[in-house]
Amino acid sequence: MRIHTLSAVAFALLVGTTLAFAAGPTTKDDAVAMVKKAVALIKAEGTEKAYAEISAPGGKFVDRNVYAVVQGFDGTTLAHATNSKLIGKNMMEAQDVDGKYFAKEMVTRGQKEASFWFDYKFANPATKKIQVKDMYCEAVPPTTVCAGVYRP
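As the structure is a computational prediction, the values presented were derived from the model and not from experiment. (Residues numbered from 1 in each chain as written. Predicted model: local features only at pLDDT ≥ 70, side-chain atom pairs only at ≥ 80, totals over all residues. Heavy atoms only, no water.)

A few points about the confidence of the model for the chain
Alright, step 1. Confidence in the prediction for the chain averages 87 pLDDT; 85% of positions are at 70 or higher.
Alright, step 2. Considering only residues more than four positions removed or in separate chains, one finds that residues 1-22, a stretch of pLDDT under 50, has 50 contacts. (pLDDT = per-residue confidence, 0-100. Contact = heavy atoms within 4.5 Å.)

Focus: the state of the cysteines
Alright, step 1. By the definition in use, this model includes one disulfide.
Alright, step 2. A disulfide bridge connects C137 with C146, and the sulfur atoms are separated by 2.1 Å. Because the torsion about its S-S bond is 110°, the bridge between C137 and C146 counts as right-handed.
Alright, step 3. Judged by its relative accessible area of 1%, C146 falls in the buried class. (Disulfide = S-S within 2.5 Å. Buried < 20%, exposed > 50% of the residue type's maximum accessible area, 1.4 Å probe, protein only.)

Quick look at helix α2 (residues 28-45)
Alright, step 1. Over its 18 residues, α2 extends 26 Å from the first C-alpha to the last, a length consistent with the 26 Å expected when each residue adds 1.5 Å.
Alright, step 2. All buried positions along α2 are accounted for by A31, V32, M34, V35, A38, V39, L41 and I42.
Alright, step 3. With its phi angle positive at about 90°, G46 sits one or two positions after the end of α2. (Helix = DSSP H or I, 4+ residues; strand = E, 2+ residues; numbered from the N terminus. Expected span 1.5 Å × (residues − 1).)

Section: the side chain of H80
Alright, step 1. Its location among the elements puts H80 in strand β4 (residues 77-80).
Alright, step 2. For H80, a relative accessible area of 0% translates into the label buried.
Alright, step 3. A distance of 3.0 Å separates the side chain of H80 from the backbone nitrogen of N83, its partner in a polar contact. (Polar contact = N/O pair within 3.5 Å; in protein donor to acceptor, adjacent residues only side chain to side chain.)

Focus: the sheet that holds strand β5 (residues 115-123)
Each strand in a sheet pairs with another by means of backbone hydrogen bonds, the pair being arranged parallel or else antiparallel.
Alright, step 1. The strand order β4-β3-β7-β6-β5 describes an open sheet built from five strands, whose pairing is antiparallel. A strand with exactly one partner marks an edge of an open sheet, and here the two such strands are β4 and β5. Here the strands of the sheet are splayed against their neighbours by 25° on average, with no regard to which way each runs.
Alright, step 2. In terms of strand pairing, β5 meets strand β6 (residues 130-140) through nine bridges, oriented antiparallel. Directly across from K121, in β6, lies its bridge partner V132.
Alright, step 3. Helix-sheet contacts for α2 involve β3 (69-72), β5, β6 and β7 (143-150), and the interaxial angle to β7 is about 155°. (Pairing = 2+ DSSP bridges. Axes fitted to C-alpha atoms, helices over the stretch in contact; angles between N-to-C directions.)

Below, the structure written as structure tokens:
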């Protein structure tokens, strides 16, 4: 199996397949709002309670195709709003279709920057097409809290 095929499998796992899509496109503001909501919960309730709530199926950390993900600085997924199978998995070697190590970028930048945007290519679950996904992340050491939107 080629490395890009393996990467595509990793991406499919990362996104999840149970997203609910409401009418209307999502925006970068939606991603920022989702991250800020998750960060506020983590700070107010602590990691154990917050990660459980972020990862709750059908919970408030999914809005159309925008959802929250928390990744530790070691690359391990700690909370995921759409794919509980990824919780506890290390994603450091996950690549997009162009070979970009997106989880490594989340870790590296999260260790150095309070907040940041980055992009990678990913299969949009709504369209099934490979699109650029813009991810907004905020560092909550030793983690990054992220959410993203697809470019049209």
